[in-house]
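Take a look at the letters that make up each chain.
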Amino acid sequence: MHENIQELTSQEQWIEAFPVLNQLRTDLTEESYLELLQEMQKDGYKLFALYNNNRIVSVAGLSWRVNFYNKRHIFIFDLVTDIEYRSFGYGEKLLLYIHSWAKEQGAEYVALESGLQRINAHRFYEEKLDYDKWCYSFRKPL
């Protein structure tokens, strides 16, 4: 079994990652995904993938952010493991890689949001990876 993690930088890689990311962002089409991804990259968005035997099994999308409460930090917008590969530790490996990478780059925190209904994900972040649940996030449709 061969595993590696890398940043996805080509359109071919982004298309390869789409079926996995689409399991989290089910409202996206491949076309809307590519359009949004190109726009998001202008704001520093990066997409990382964990490969198992040359197949993407887990994906994380993130960018640098700076604010008063998290200082210079990485914000993870997207994190998903292919449904066929869940509970094998791939999400944890990818997040641990991102933690290490972010620390090397000078981040003070890694932050993320998770839907209220995703109880298992919350348990994963809190119990396996020692994340603090410290706020609610709100939004208003316009």
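Novice: An account of the sheet that holds strand 3 (residues 55-67) is needed here, citing residue identities and associated values.
Specialist: Within the open sheet, the five strands sit side by side as 1-2-3-4-5. Their pairing is mixed. Each end of this open sheet is capped by a strand with a single partner; those strands are strand 1 (3-8) and strand 5 (109-112). Strand-to-strand twist of the sheet, defined as the mean angle between neighbouring strand axes without regard to direction, takes the value 30 degrees. Here strand 1 runs beside strand 2 (residues 46-52); their pairing, made up of six bridges, is antiparallel. Residue pairing for strand 2: Glu3 is matched across the bridge by Asn52. In the packing of helix 1 (residues 11-21) onto the sheet, the strands contacted are strand 1, strand 2, strand 3 and strand 4 (71-81), and the crossing angle to strand 3 comes to about 95 degrees.

Novice: Kindly report on the packing of aromatic side chains, identifying the contributing residues and their values.
Specialist: On inspection of all chains with the given rule, the structure shows nine aromatic pairs. Both rings, one in Phe48 and one in Tyr97, keep their centres 6.1 Å apart while their planes meet at 55 degrees; by these two values the pair is tilted. Separated by 49 residues along the polypeptide, Phe48 in strand 2 and Tyr97 in helix 3 (residues 90-104) bring together distant segments of the chain. Here Phe48 falls in the buried class, since its relative accessible area comes to 2%. For the pair Phe75 and Phe77, a centre-to-centre distance of 4.7 Å together with 55 degrees between the ring planes defines the contact as tilted. Judged by its relative accessible area of 13%, Phe75 is buried. Three or more aromatic residues joined by ring pairs make a cluster, and in this case those are Phe48, Trp64, Tyr97 and Trp101.

Novice: Which residues make up helix 1, and what values do they have?
Specialist: Those residues of helix 1 that sit buried are Gln13, Trp14, Ala17, Phe18, Val20 and Leu21. Along helix 1, the residues classed as buried sweep out an arc of 165 degrees about the axis, all on the same side. Considering only its buried residues, helix 1 is in contact with strand 1, helix 2 (30-41), strand 2, strand 3 and strand 4.

Novice: Just give me the short version of the pairing of strand 3, but keep the residues and values in it.
Specialist: Every other side chain in a regular strand lies on the same face of the sheet, so the side chains alternate between the two faces. Taken together, the seven bridges between strand 2 and strand 3 define a ladder with antiparallel strand orientation. For Phe48, the partnering residue across the bridge sits in strand 3 and is Ala60. Here strand 2 hands over to strand 3 after two residues, with Asn53 in that stretch at a positive phi of 50 degrees. In the sheet, strand 3 pairs with strand 4 via 10 bridges, with the strands oriented antiparallel. Following the sheet pairing, Trp64 is matched in strand 4 by Ile74. Linking two consecutive strands that pair antiparallel, namely strand 3 and strand 4, is a turn of three residues.

Novice: Mind laying out helix 4 (residues 119-128), listing which residues take part and the relevant values?
Specialist: Residues lying three or four places apart along an α-helix face the same way, a consequence of the helix completing one turn every 3.6 residues. Within helix 4 the residues assigned to the buried category are Ala121, His122 and Tyr125. Projected onto a plane normal to the axis of helix 4, the buried residues spread over an arc of 100 degrees and lie on a single side. Structural note: helix 4 exposes Asn120, Glu127 and Lys128 on the side pointing more than 90 degrees away from its buried face. On its buried face, helix 4 is in contact with strand 4, helix 3 and strand 5. Asp130 sits one or two residues past helix 4 and shows a positive phi near 60 degrees.

So, how was this worked out
Residues numbered from 1 in each chain as written. Predicted model: local features only at pLDDT ≥ 70, side-chain atom pairs only at ≥ 80, totals over all residues. Heavy atoms only, no water. Pairing = 2+ DSSP bridges. Helix = DSSP H or I, 4+ residues; strand = E, 2+ residues; numbered from the N terminus. Axes fitted to C-alpha atoms, helices over the stretch in contact; angles between N-to-C directions. Contact = heavy atoms within 4.5 Å. Phe/Tyr/Trp six-rings, centres within 6.5 Å; stacked < 30°, edge-to-face > 60°. Buried < 20%, exposed > 50% of the residue type's maximum accessible area, 1.4 Å probe, protein only. Arc of directions from axis to C-beta.

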